[in-house]
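If you want the building blocks of each chain, they are given just below.
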Amino acid sequence: MLLAAPAIDIDQPFVNAALGLIAFTLVMTVGVMYATWYERKIVARMQYRLGPTRTGPFGLLQPIADTFKLLTKEDLRPATADFVAFELAVFLIFIPALMVFVAVPFTADWFISAIPLSLLYILAVSGLSFIGFLLAGWGSDSKYALLGGMRAAAQLISYEVPLIMAMVGVVMVTGTVDAYQMILYQDTVPLIVWQPLGFMIFLIASIAEVERPPFDIPTGESEVAGGVFIEYSGIRWSMFQLSSYVNMYAFALLGAFVFMGGWEWPFGTDVGWGLQLLLTVVKMSLFIVFYLWVRASFPRLRPDQLMSYAWKVLIPFSLAQIFFNGFIIVYDLPDVAYLISSGLLTVGLGYSAIFIVRRGEPRKPLQMVPARATARKPEPEPAVVAAAEGAAT
Amino acid sequence: MVAEHERSLEVVDIPINMGPQHPSTHGVFRMVLMVDGEKCVDVIPHIGYMHRGGEKLMEAMDFRQGIGYCDRTEYLAQFSAELAYVMAVERLMDVQVPERAEYIRVILTELNRLSSHFMFMGAFGIDSGVFGTSFTYAFPQREYLQELFEEVSGDRLMYAYFRVGGLAWEVTDNFVQRCHEVLKHTQQGIRDIDELLTKNEIFIGRCQGIGAFTAEQAIANGLSGPMLRASGVPWDLRKDEPYSVYDRFNFEIPVGNYGDVYDRYLVRLEEMRQSVSIVEQALEQLPAEGPIVAEKLPRRLRTPPGEVYAKVESPRGEWGVYLVSKGGDKPYRLKMRSPSFCNLSALREMCLNQFLADAVMILGSMDIVLCCVDR
Amino acid sequence: MTLPDGQEPEAKPEPGAEQAADAAASTPEAAATTPEAAGEAPKAEKPAAAAKAERPARPAKEPEPKTAPRVAPPAGSVNEAVAAASGVTLGAAYLVPDWKGESVAVEVSRDDVPAVLTACRDDERLDMKLLRCLSGVDWQEEGLEVVYHLYSLSKKRGVTVKTRVSYDDANVPSVAGVYPAAEWHEREARDMFGINFTGHPDLRPLLLPEDMTDHFPLRKDNPLQEIEEWQGENLREGAGEEEE
């Protein structure tokens, strides 16, 4: 779509959209292939490693090699798997992940379809994938997959709530649910300034929505050994991975548009598509690097901690945000009130996390029991003498 | 006979077979977890997949050949296992080990403890869900240790370097200098791990209060090593029954207060620092020259009849060798009291009513070596 | 270097000398003098090696001592405390070598095992809360032995408790109720020696396959024939010596 859409000037919105989607799918697939390379390189650097180096310059051909490997792998299905659920699950995860991009405006001119309710559409479609996870978990006929599927469903639904609530706060500030209008609203000041709490909640909940560490509970390698993916192989497995990366892109883009001003801030609407695209990519990359950084440094949460964090921390705070926003709207306070209320709530969110993790009194440090030398090293002379004597006999 | 509609309302605990092939069972270990949702209501460990009858095999090997088998049993703390074995034979034969050999033994055993704990740190990080970062922080530094062991013993994994009465051969000329170099890297590794995990909120949330054992429970279940010390029992064979030349060093024994997974991690981390200190002291005291094998050893080692229980503080706990000899050049009976085996026997009690994800952490905190469990 | 059977070189280092040294070393009293005693072996070896060509007559083979001489522990040792605490008449008590010195081993009859171990655990003078190790030993004609290594963390001393049963009646009361640590050790001993620990909560095979309940690999009637042929003393003399 990126390259194709402006060139094709057909006055048929459906054809146009279809062509754009096809082009976009291809671009996205290649893009995701290189997202893996990018991720491997960045995470490797964070881990004292080099990442792929052997295939081509800087290992640039590694994703292609991987793709060929995955495509030529045997496609296995357990004999006892539910055929329909097992096969359908892949598409139920893969297609919604791509459908999100229909409503995403990349620059002022480039988008597949201008939906007036685009934010609503994006959130609704991205929330569909949990059905796929449930189906995959059930259809694989494996207990690990079932556990993973149940965990995925619980997690995705739980984090959908704070995510949408954070968006509601933003919608209240801007007064629109159209992503395009929302970007235009951020002409001078990006929304991250007015809604820092919404941004924080979005950041946390979006990691959970794309199931990346530390929220990779449904696929936790050390617990459920891959979770729903455990019985998939070859092309189907790679479609799961692909959709996971596409999801990550989608949420990075969403964050860039809703909170960072997208292509609008700070240069305005009329700077041309080149700079706008660059702005979009840079802002998106910031999110992606953040996701990778978190992945390389945090352990995984436990399911109950994950749940309690969503329901006991994020949702109350996002509700409070909505309440304050409503108060400001009703009494027509100046915009700075958004910043103050939301900023204070953000500080509260940070503290609450610490209190929730460290409940009770502070732990005592380790006791150090000294073990002191009771014997001394004998003087070297007798030892040498003894050795000499030993040699003599 | 239960009616169909009633059956559908039955709540069933699902048995989950974790292992023998599972990323976080640290080898071929299988535990059947009966889970009610995410809670473990029962845990049934199954071991023995790696059982090779090592004790029987060692009855057929003479005392020198048996040393090699010790490595194969405890492949992460080989020097500790070798040390216990040669100590048992030396005690029966009443061999006096030369000073220099004792120091080199201590240095290598402590460095081995460091490499073993590095392995634990890496693996435990993975168990807790860090995407490989703990591993890649720990392993480059562990690699320096491995290189040192290779230089000294000629092998990366199966060192077989200790001998009854001393060492197999003299260490390399630049051994002391190399040790100092390696210790620098080691300290870097300890710092990295410390910064990555110790203060990490999620790590703390995952570790604190999990799998806690009181001191009484820990003793009754026969735990030893860092597991026991984390429960608040200041028992370390290096201090309480000092063997070799351990009574010549000043060091501290970290003892936990809560006995949970986090304390076990902290105890091991602190132990690494203490090991560095012990190695530094030992390098300082190491006699520059001297014999490395006891003089006047018979060519074929024969022990008098008798029995001895030799024990060392291996990175996992008390590694004991119960050696019964009827005379001759082979053990009549050799029992290896492996700390992994004894620690693992407490797994069920620790995991009951914990979450599935915690069971993984608890198993990880035991730092088992499956070869050492099954022998 | 391999020679056909029956052509063993006569350069075997006099076994008698070594055994004498060994026997001397085995008694604790002689322990102090052992380095000197052990030193005789290589000395005796050298003339034998030098006289290889002459092929001196092999000295008459002395019967090897099969058991260590038993030295009674001095008065006031831990065995008396065990007897007093448990109120059980103990069997023989003797010293076994321990790291730096000796510790005490006591033999008890199998029915007294739980009583003795409970007393060891609970009595304040003993306070042996830790079961270090539980091993089975197959003494062939003399039956099967179970060895318990107990240790007191507060008193810093241990005791070895032994009990012996015959093959036909290899039942020992389980101490898993006294020391939970014994549970897996007993299962292992049952796997390996066929000692039936009565009263054990769950005596399924632990290390062996679950259906392998009739064969006990660590008993001495399972010789490691094929390995033994290439191990230890059965190696041809030269092969072992060339390495040195």
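Quick caveat, the model's predicted, so the values are computed rather than measured. Here the residue numbering is sequential within each chain, running from 1 through the sequence in written order. Note on labels: chains are lettered from A, ligands numbered from 1, in written order. This being a predicted model, a pLDDT of at least 70 is required before a residue's local features are given, and a value of 80 or more before pairs of side-chain atoms are given or counted; all residues contribute to the totals for chains, interfaces and linings. Heavy atoms from the whole structure form the basis of all side-chain values; hydrogens and water molecules are not counted.

1. A look at the overall build of chain A
Counting from the N terminus, the helices are the DSSP runs of H or I reaching at least four residues and the strands are the DSSP runs of E reaching at least two. The helix and strand inventory of chain A stands at 16 helices and one strand. Residue burial is assigned from relative accessible area. The probe radius is 1.4 Å, only protein chains are included, and a residue is buried under 20% of its type maximum, exposed over 50%, and partly exposed in between. By residue count, 51% of the 393 residues in chain A fall in the buried class. Contact criterion: two residues are considered in contact whenever any of their non-hydrogen atoms come within 4.5 Å of each other. For chain A, the share of sequence-separated contacts (at least 6 apart) that also reach a separation of at least 24 residues comes to 76%. Counted as positive: Lys and Arg. Counted as negative: Asp and Glu. His and the chain ends are not counted at all. All charge positions are set by atom: Lys at NZ, Arg at CZ, Asp at CG, Glu at CD. Here chain A carries 24 positive and 28 negative side-chain charges, and the mean point of each set is 14 Å from the other.

2. Details of the nonpolar core
Nonpolar cores are built from buried Ala, Val, Leu, Ile, Met, Phe, Trp, Tyr and Cys residues. Side-chain atoms within 4.5 Å join them into one set. Of all hydrophobic cores here, the largest spans 179 residues; its most connected members are Tyr265(B) and Tyr148(C). Other than its neighbours up to four places away in sequence, Tyr265(B) contacts Phe120(B), Met121(B), Phe124(B), Ile193(B), Asp194(B), Leu197(B), Thr198(B) and Phe203(B). Counting residues in hydrophobic clusters, the runner-up holds 95 residues, among them Ile93(A), Ala252(A), Val258(A) and Leu314(A).

3. Description of the interface of chain B and chain C
Between chain B and chain C, the contact holds 67 residues from the first and 72 residues from the second. When two parts are brought into contact, each loses some accessible area as probed by a 1.4 Å sphere; the total of that loss over both is the buried area. Buried area between chain B and chain C, both sides added, is near 6100 Å², and the carbon and sulfur share of it is 55%. The largest share of the area that chain B buries against chain C comes from Lys56(B), Arg299(B) and Arg302(B), three residues that together contribute 12% of it. Each reported salt bridge corresponds to a side-chain nitrogen of Lys or Arg within 4 Å of a carboxyl oxygen of Asp or Glu. Linking chain B to chain C there are seven salt bridges. In this structure, Glu318(B) engages Arg132(C) in a salt bridge whose closest nitrogen and oxygen atoms are separated by 2.9 Å. In protein, a polar contact means a hydrogen-donor-capable atom and an acceptor-capable atom, both N or O and within 3.5 Å, with residues adjacent in sequence counting only if both atoms are side-chain atoms; elsewhere, any N or O pair within 3.5 Å suffices. Scanning the region where chain B abuts chain C turns up 18 residue pairs in polar contact (both at pLDDT 80 or more). Here the side of chain B that touches chain C takes five residues from strand E7 (residues 306-314) of chain B, the largest share from any one element. Within the side of chain B that touches chain C, the residues separate by chemical class into 30 nonpolar, 12 polar and 25 charged. The residue classification treats Ala, Val, Leu, Ile, Met, Phe, Trp, Tyr, Cys and Pro as nonpolar and Asp, Glu, Lys and Arg as charged. All others, Gly included, are polar.

4. A few points about the interface of chain B and chain A
Chain B puts 67 residues into the contact, and the matching count from chain A is 50 residues. In this assembly, chain B packs against chain A so that about 5000 Å² is buried in total across both faces, 57% of it on carbon and sulfur atoms. If you sort the residues of chain B by the area they bury against chain A, Phe131(B), Glu201(B) and Ile202(B) come out on top, with a joint share of 13%. If you look at where chain B meets chain A, you find two salt bridges. Residue Asp358(B) is joined to Arg302(A) by a salt bridge in which the shortest nitrogen-to-oxygen separation is 3.3 Å. When contributions to the side of chain B that touches chain A are tallied by element, the ones reaching two or more residues are strand E1 (14-18), helix H5 (99-128), helix H6 (133-153), helix H7 (175-198), helix H8 (201-207), strand E6 (251-255), helix H12 (261-285) and helix H15 (356-366) of chain B. Here the side of chain B that touches chain A takes seven residues from H12(B), the largest share from any one element. Of the residues contributing to the side of chain B that touches chain A, the split by class is 30 nonpolar, 21 polar and 16 charged. Here strand E1 (residues 367-371) of chain A runs beside E6(B); their pairing, made up of five bridges, is antiparallel. Following DSSP output, two strands are said to pair if at least two bridges run between them.

5. Here's the deal with the confidence of the model for chain A
Residues and elements named next belong to chain A. Looking at chain A as a whole, the pLDDT averages 81, with 91% of positions reaching at least 70. Confidence of the predictor at the level of single residues is given by pLDDT, which spans 0 to 100. Mean pLDDT across the elements of chain A bottoms out in helix H1 (residues 4-7) (46) and peaks in helix H10 (residues 196-209) (89). Contacts from residues 1-8, a stretch scored under 50 in pLDDT, to residues over four places away or in other chains number 16 contacts.

6. What about a nonpolar patch on the surface?
Residues and elements named next belong to chain A. A patch consists of residues exposed above 30% relative accessible area that lack any salt bridge, with like charges linked at up to 9 Å and nonpolar side chains (Val, Leu, Ile, Met, Phe, Trp, Tyr) linked at up to 5 Å. Only the protein chains shown count as cover for residues, with accessible areas throughout obtained via the Shrake-Rupley method and a probe of 1.4 Å. A contiguous nonpolar surface patch, about 500 Å² in accessible area, is contributed by Phe83, Val84, Leu88, Leu92, Leu128 and Ile131. A per-element tally of the nonpolar patch places helix H4 (residues 83-99) first, with four residues. The topology assignment puts Phe83 in helix H4.

7. Quick notes on the pairing of strand E9 (residues 333-337) of chain B
Residues and elements named next belong to chain B. A large share of E9 lies buried, amounting to five of its five residues. Across the two faces of E9 the burial is the same, with Arg333, Lys335 and Arg337 and Leu334 and Met336 all buried. Here five bridges tie strand E8 (residues 317-325) to E9, and the two strands are oriented antiparallel to one another. Among the inter-strand pairings, Tyr322 is bridged to a residue of E9, identified as Lys335.

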